[in-house]
Amino acid sequence: MPKSPSVSCVENGSPSPRRLGGAEAVVIIVIVAVAAVLVAVAGMTVPVMLQLLVGAGLTAVLVVGMVTGASTRGLRAALRALLAPAA
């Protein structure tokens with residue numbers, strides 16, 4: 001009995017996502033640790049801490065975008081993604 005042709009479920013031609021580097025992983029771990037310390041030790045409420053992290057994220061996107069010369073379309077897309085309501 002002949003085999004039926006297989007259909008790939010994976011899109012060809014797109015590169016696989018790369019893993020985080022050591023420096024990126026350290027930054028993420030430090031951000032999570034600082035957020036936990038702000039909530040546990042400083043007595044900051046979770047919504048206030050999240051607002052602080054979002055503000056820092058917005059600032060980082062703008063600074064990196066300006067330094068690297070990203071297009072305004074790219075900056076707008078990043079800001080929309082950060083400001084979009086959580087589903």
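Owing to the predicted nature of the structure, the values given are computational and were not obtained by experimental measurement. (Residues numbered from 1 in each chain as written. Predicted model: local features only at pLDDT ≥ 70, side-chain atom pairs only at ≥ 80, totals over all residues. Heavy atoms only, no water.)

Undergrad: Any chance you could explain the overall build of the chain here in plain terms?
TA: Assigned secondary structure in the chain consists of three helices and zero strands. In sequence order, the secondary structure elements of the chain are arranged as α-α-α. Expressed as a percentage of its 87 residues, the buried residues of the chain come to 6%. Split by element, the accessible area of the chain, about 7,500 Å² in all, is 71% carbon and sulfur. (Helix = DSSP H or I, 4+ residues; strand = E, 2+ residues; numbered from the N terminus. Buried < 20%, exposed > 50% of the residue type's maximum accessible area, 1.4 Å probe, protein only. Areas by Shrake-Rupley, 256 points an atom, 1.4 Å probe, with all protein chains shown as cover.)

Undergrad: It is not clear to me how a nonpolar patch on the surface should be interpreted in this structure. Could you clarify?
TA: A surface patch of nonpolar side chains, amounting to about 440 Å² of accessible area, comprises Val27, Ile31, Val39, Val46, Leu50 and Leu53. Elements with a contribution of two residues or more to the nonpolar patch: helix H1 (22–40) and helix H2 (46–68). Along the polypeptide, Leu50 turns up in helix H2. (Patch = residues over 30% accessible without salt bridge, like charges linked within 9 Å, V, L, I, M, F, W, Y side chains within 5 Å. Salt bridge = Lys/Arg side-chain N within 4 Å of Asp/Glu carboxyl O.)

Undergrad: When you look at H2 in this model, what are you seeing that I'm missing?
TA: Residues that lie three or four places apart on an α-helix share one face, since the helix turns once every 3.6 residues. The end-to-end C-alpha distance of H2 is 32 Å, a good match for the 33 Å that 23 residues give at a rise of 1.5 Å each. Those residues of H2 that fall on the buried side of the exposure criterion are Met49, Leu58 and Gly65. One or two positions beyond H2, positive phi appears at Gly69, with a value near 75 degrees. (Expected span 1.5 Å × (residues − 1).)

Undergrad: Help me out: how do you make sense of the confidence of the model for the chain in this one?
TA: Reading fine detail from the predicted coordinates is not recommended where pLDDT is low. Taken as a whole, the chain shows an average pLDDT of 75; of its residues, 78% reach a score of 70 or greater. Model confidence for the chain, summarised as mean pLDDT per element, is weakest for helix H3 (residues 72–83) at 76 and strongest for H1 at 83. (pLDDT = per-residue confidence, 0-100.)

Undergrad: I tried to follow the packing of H1 against H2 on my own but got confused; where do I start?
TA: A packed helix pair is summarised by two numbers, namely the angle formed by the two axes and the spacing between the axes. Close contact between H1 and H2 brings their axes to 10 Å; oriented N to C, the two are set at 145 degrees. As H1 packs across H2, the resulting crossing turns out to be right-handed. Residues Ile31, Ala35, Leu38 and Val39 of H1 lie in contact with H2, whose contacting residues are Val46, Met49, Leu52 and Leu53. The residue makeup of the contact of H1 with H2, split by class, is eight nonpolar, no polar and no charged. (Axes fitted to C-alpha atoms, helices over the stretch in contact; angles between N-to-C directions. Left-handed = near helix turned anticlockwise from the far one by under 90°. Contact = heavy atoms within 4.5 Å. Nonpolar A, V, L, I, M, F, W, Y, C, P; charged D, E, K, R; others polar.)

Undergrad: Explain the packing of H2 against H3 here, please?
TA: Here H2 crosses H3 at 170 degrees, and the two axes come no closer than 10 Å. Relative to H3, the element H2 is oriented roughly antiparallel. Contact residues: H2 offers Gly57, Leu58, Val61, Leu62 and Gly65, while H3 offers Leu75, Ala78, Leu79, Leu82 and Leu83. Looking at the contact of H2 with H3, its residues break down into eight nonpolar, two polar and no charged. (Parallel < 35°, antiparallel > 145°, perpendicular 65-115°, else oblique.)

Undergrad: I'm lost on the environment of Leu75 in this one. Help?
TA: Note that Leu75 resides in helix H3. For the pair Leu75 and Val64, spaced 11 residues apart in sequence, the C-alpha separation works out to 9.6 Å. Those residues in contact with Leu75 that lie beyond four places of it in its chain are Val61, Gly65 and Ala70.

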